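Residue strings, one per chain:
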Amino acid sequence: MKDSISTEIAPNVHELLQQAIALNTTGTVYKPNSRSLPEISGSPTEKAILSWAVLDLGMNVDNPKQDYDVIQVAAFNSEKKRSGVLIRRKNESATHTHWKGAAEMIVAMCSQYYDRSGTVKVMDDEERTEIGKIIQNMAAKSLRCIAFAHTKIPEDNEPVLGESRLTLVGLVGLKDPCRPGVRRAVESCIDAGVSIKMITGDNVFTAKAIAIECGILQPHEDVNEAVIEGVEFRNYSPEERMEKINKVRVMARSSPFDKLLMVQCLKQKGHVVAVTGDGTNDAPALKEADIGLSMGIQGTEVTKESSDIVILDDNFTSVVTVLRWGRCVYNNIQKFIQFQLTVNVAALVINFIAALSSGEVPLTAVQLLWVNLIMDTFGALALATERPTDDLMTNPPVGRSKPLISNIMWRNLIAQALYQVAVLLTLQFRGKSVFGVDERVKNTLIFNTFVFCQVFNEFNARKLEKKNIFKGLHKNKLFLGIVGITIILQVVMVEFLKRFANTQRLNWGQWGSCIGLAALSWPIGWLVKWIPV
Ligand SMILES: Nc1ncnc2c1ncn2[C@@H]1O[C@H](COP(=O)(O)OP(=O)(O)OP(=O)(O)O)[C@@H](O)[C@H]1O
Ligand SMILES: [Ca+2]
């Protein structure tokens with residue numbers, strides 16, 4: 001196989017290619033000793049080209065380095081998408097220019113080409129279209145197409161790194177296969193209401209093929225508006241850009257500025273934007289994005305510095321994990337806030353009304369401190385440690401301008417707070433006659449009912465929307481532990497800490513009433529969830 005490739009290339013072309021690959025590169029080949037495999041490093045593209053030359057063509061990249069001096073270098077950048085060198089053979093005065101880069105751009109700089117036998121031919125229009133087709137065909141197979149071009153500058157001419165009238169040496173197609181799991185990750189993101197856009201430096205055809213491969217585009221859909229080139233996007237008026245941006249899903253041949261522009265437009269549209277990237281050319285977009293995710297292994301230092309999250313394993317599927325945990329934390333904070341506000345509203349109202357009407361408050365300072373402990377520390381531990389569930393990934397994303405306390409939360413909160421206030425005020429004003437007890441026992445009844453209302457409501461708070469509040473409960477040991485400890489401590493407060501907590505012992509019937517009243521918050525919570533908001 002190796003031999004068949006290298007013998008198909010004419011000797012003079014082979015030599016030019018060897019110069020081009022060995023001298024016009026930022027990658028390196030290191031061979032510790034003659035028997036070990038060479039270690040190749042550099043950017044992914046450089047690495048691919050060097051390993052093709054060394055391993056498949058059996059080229060020696062050290063020879064050209066010894067024979068030639070590099071006089072001038074035009075380094076690769078994302079704007080120009082090509083790199084060039086000006087070289088001179090030692091003890092000769094003629095110089096050679098080598099260019100390598102994005103195929104159609106390099107071909108546009110050529111006026112001649114080497115044919116199969118290694119003779120130079122003029123590139124007329126017909127051949128130009130033919131070469132264009134070859135590039136397109138390679139791209140349609142999701143290959144990144146790189147072209148090599150050369151020109152010899154005679155000794156009496158001034159040696160400059162010219163960009164025209166070159167001779168095309170050859171084309172190579174590089175495959176960057178879609179990593180396993182990416183397709184599924186893209187799917188999960190789309191299901192979660194996140195739209196995915198691919199911005200790449202590759203040409204339109206390669207970009208389209210890769211986008212189809214990883215599920216960003218569907219194979220047979222009309223991609224007229226979905227695929228766009230960087231220049232086209234750049235040259236739109238701001239209004240046009242705003243109008244089209246939602247439809248664009250793939251942007252090809254983009255410069256770093258195009259990437260940045262895309263993020264700015266999306267943000268202006270009111271979207272929350274996350275960007276992933278590895279190269280220096282992604283840094284501006286990463287910095288501008290709401291969430292910048294960089295790659296830990298391939299990523300350059302600049303990229304990592306500009307990002308908020310570094311994905312250590314370079315795996316796109318980790319984006320889904322980030323999304324999942326991000327939503328989980330947000331959701332847990334919402335649950336906690338809803339729970340806290342309910343307790344606060346209820347405690348405030350009952351003490352306020354009681355103080356106004358009788359001048360005495362039913363809940364003492366120690367009791368309120370205890371309640372505070374339940375809702376702050378214990379509540380946070382119980383509710384905020386809930387692990388992500390699958391249905392988080394089927395909800396639409398929360399918009400930039402959505403309030404933290406949603407209507408759903410207000411609904412649940414108001415219902416529970418109203419119920420608690422109603423029960424506690426009834427106890428305050430009718431408790432003594434209904435239960436036939438004195439002031440102190442009545443106050444203990446209020447305190448005990450109030451605490452148990454929170455215990456039951458803690459279960460309600462586990463789900464903001466779902467009616468089954470017990471789902472996954474057995475997996476949350478911490479929650480169950482906290483509830484258990486709260487109940488035990490409450491019994492101790494009421495039954496044994498009379499002096500400290502200002503309480504009176506309650507009999508079985510009174511305990512039953514407190515718990516029964518509090519338990520009603522479950523059916524109330526369930527009923528309330530039928531009210532659409
Ligand atoms: N080392 C290189 N030398 C010459 N041309 C290159 C080199 N690397 C990439 N190219 C060309 O530039 C294009 C990629 O440009 P750029 O690096 O701006 O894109 P990108 O979006 O960062 O791509 P990716 O992250 O997939 O590498 C490629 O399609 C290729 O034609
Ligand atoms: Ca890149």
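Residues numbered from 1 in each chain as written. Chains lettered and ligands numbered in written order. Predicted model: local features only at pLDDT ≥ 70, side-chain atom pairs only at ≥ 80, totals over all residues. Heavy atoms only, no water.

**What about the overall build of the chain?**
Looking only at helices and strands, the chain features 21 helices and 15 strands. For the chain, whose C-alpha radius of gyration is 35 Å, the value lies well above the compact-globule estimate of 24 Å for 533 residues. With the C-alpha coordinates aligned to their principal axes, the bounding extent of the chain is approximately 115 × 55 × 40 Å. Residue burial in the chain is summarised as follows: out of 533 residues, 46% are buried. In the chain, of all internal contacts separated by at least 6 residues, the share reaching a separation of at least 24 is 64%. With the model as given, the accessible surface of the chain reaches about 27,300 Å², and the carbon-plus-sulfur share is 58%. Of the charged side chains in the chain, 59 are positive and 55 negative; the average position of the first set lies 10 Å away from that of the second. (Helix = DSSP H or I, 4+ residues; strand = E, 2+ residues; numbered from the N terminus. Rg over C-alpha atoms; globule rule 2.2 N^0.38 Å. Buried < 20%, exposed > 50% of the residue type's maximum accessible area, 1.4 Å probe, protein only. Contact = heavy atoms within 4.5 Å. Areas by Shrake-Rupley, 256 points an atom, 1.4 Å probe, with all protein chains shown as cover. Lys, Arg positive; Asp, Glu negative; His and termini not counted. Charge placed at Lys NZ, Arg CZ, Asp CG, Glu CD.)

**Brief notes about the site of ligand 1**
For ligand 1, the set of nearby residues contains 16 residues, the closest of which are E46, S78, G201, D202 and N281. At 3.3 Å, a side-chain N or O of R253 approaches an oxygen atom of ligand 1. For ligand 1, whose unbound accessible area comes to 630 Å², protein coverage reaches 86%. Looking at the shell around ligand 1, the elements that each hand over two or more residues are α3 (44–56), β5 (95–102) and β8 (143–153). Partitioning the shell around ligand 1 into residue classes produces 3 nonpolar, 6 polar and 7 charged. In this structure, the shell around ligand 1 is formed jointly by two domains, domain 1 (2–175) and domain 2 (182–320), each of which donates at least three residues. (Near = heavy atom within 4 Å. Polar contact = N/O pair within 3.5 Å; in protein donor to acceptor, adjacent residues only side chain to side chain. Nonpolar A, V, L, I, M, F, W, Y, C, P; charged D, E, K, R; others polar. Domains from an automatic or database assignment.)

**Things to note about the sheet that holds strand β3 (residues 68–74)**
Reading across the sheet, the 7 strands line up as β3-β4-β5-β8-β9-β6-β7 and stay open at both edges, with mixed pairing between neighbours. Lying at the two open borders of the sheet, with one neighbouring strand each, are β3 and β7 (120–122). Looking at each pair of strands side by side, their axes are set apart by 30° on average, direction ignored. Where strand β6 (residues 110–114) meets β7, 3 bridges bridge the pair, whose relative direction is antiparallel. Bridge pairing links Q112 to V122 in β7. (Pairing = 2+ DSSP bridges. Axes fitted to C-alpha atoms, helices over the stretch in contact; angles between N-to-C directions.)

**What to know about the domain arrangement of the chain**
For the chain, the domain assignment lists domain 1 (2–175), domain 2 (182–320) and domain 3 (325–528). For domain 1 and domain 3, the distance between their C-alpha centres works out to 73 Å.

**Focus: the pattern of salt bridges**
Following the criterion strictly, the structure yields 23 salt bridges and no others. Its salt-bridge partner being K90, residue D69 comes within 3.9 Å of it at the nearest N-O pair. Of this pair, D69 sits in strand β3 while K90 sits in the loop between β4 (82–89) and β5, and the two are 21 residues apart along the sequence. The class of D69 is partly exposed, set by a relative accessible area of 38%. Its salt-bridge partner being D115, residue K121 comes within 3.0 Å of it at the nearest N-O pair. Put simply, E15, R89 and E92 are held in one network by salt bridges that share partners. (Salt bridge = Lys/Arg side-chain N within 4 Å of Asp/Glu carboxyl O.)

**Here's the deal with the packing of aromatic side chains**
Within a pair of aromatic rings, the relevant descriptors are the distance that separates the centres and the angle that separates the planes. Per the stated rule, a full pass over the model turns up 8 aromatic pairs. Ring geometry for F452 against W511: centres 6.0 Å apart, planes inclined by 85°, an arrangement best described as edge-to-face. Taken together, the residues span a long stretch of sequence, with F452 in helix α17 (residues 439–460) and W511 in helix α20 (residues 508–519) at a distance of 59 residues. Accessibility classification places F452 together with W511 in one group, the buried group. Taking 4.9 Å as the distance between ring centres and 75° as the angle between the ring planes, the aromatic pair formed by F470 and W522 counts as edge-to-face. Placement of F470 in the loop between α17 and α18 (477–495) and of W522 in helix α21 (residues 521–528) is noted, with a sequence separation of 52 residues between them. F470 gets classed as partly exposed once you look at its relative accessible area, which sits at 37%. Here the aromatic residues F456, F459, F470, F479 and W522 are joined through ring pairs into a cluster of three or more. The lysine or arginine in question, R82, covers the ring of W99, its NZ or CZ lying 5.3 Å from the ring centre. The ring of F479 carries the charged tip of R462 above its face, separated from the ring centre by 5.5 Å. (Phe/Tyr/Trp six-rings, centres within 6.5 Å; stacked < 30°, edge-to-face > 60°. Lys NZ or Arg CZ within 6 Å of the ring centre and 35° of its normal.)

**Some thoughts on the environment of K247**
Mapping K247 onto the fold places it in the loop between α10 (238–244) and β12 (250–252). In this structure, the C-alpha to C-alpha distance between K247 and A226, residues 21 residues apart in sequence, is 5.5 Å.

**Regarding the UniProt feature "domain: Cation-transporting P-type ATPase C-terminal" (unreviewed entry) in the chain**
When the UniProt feature table is mapped onto this chain, "domain: Cation-transporting P-type ATPase C-terminal" (unreviewed entry) is found at residues 361–531. Secondary structure over residues 361–531 splits into 66% helix and 0% strand, and the C-alpha atoms at its two ends are 34 Å apart. (UniProt positions renumbered as here; feature names shortened; annotations may be inferred.)

**Topic: a nonpolar patch on the surface**
Among the surface-exposed residues, W325, V329, I333 and L404 lie close enough to one another that they form a single nonpolar patch of about 330 Å² accessible area. Structurally, V329 is set in helix α14 (residues 318–358). (Patch = residues over 30% accessible without salt bridge, like charges linked within 9 Å, V, L, I, M, F, W, Y side chains within 5 Å.)

**Digging into the pairing of β4**
Regular strands place their side chains on alternate faces of the sheet. Most of β4 sits out of view: 6 of its 8 residues are buried. By the bridge criterion, 6 bridges tie β3 to β4 in an arrangement that is antiparallel. Residue pairing for β4: A74 is matched across the bridge by G84. Relative to β5, β4 runs antiparallel, the two being bridged by 7 bridges.

**Some words on the nonpolar core**
If you look at soluble globular proteins, the nonpolar side chains tend to sit buried side by side. Counting 44 residues, the largest nonpolar core has V371, F447, F450, F479 and L506 as its most contacted members. Those elements that place two or more of their residues in this core are α14, α15 (365–383), α16 (407–435), α17, α18 and α20. A per-element tally of this core places α17 first, with 11 residues. Every residue in contact with F447, bar those within four places of it in the chain, is listed here: L363, Q367, W370, V371, Q490, M493, V494 and T503. Within the second largest apolar cluster, 26 residues are counted, among which are A22, V54, V61 and Y114. (Core = buried A, V, L, I, M, F, W, Y, C linked by side-chain atoms within 4.5 Å.)

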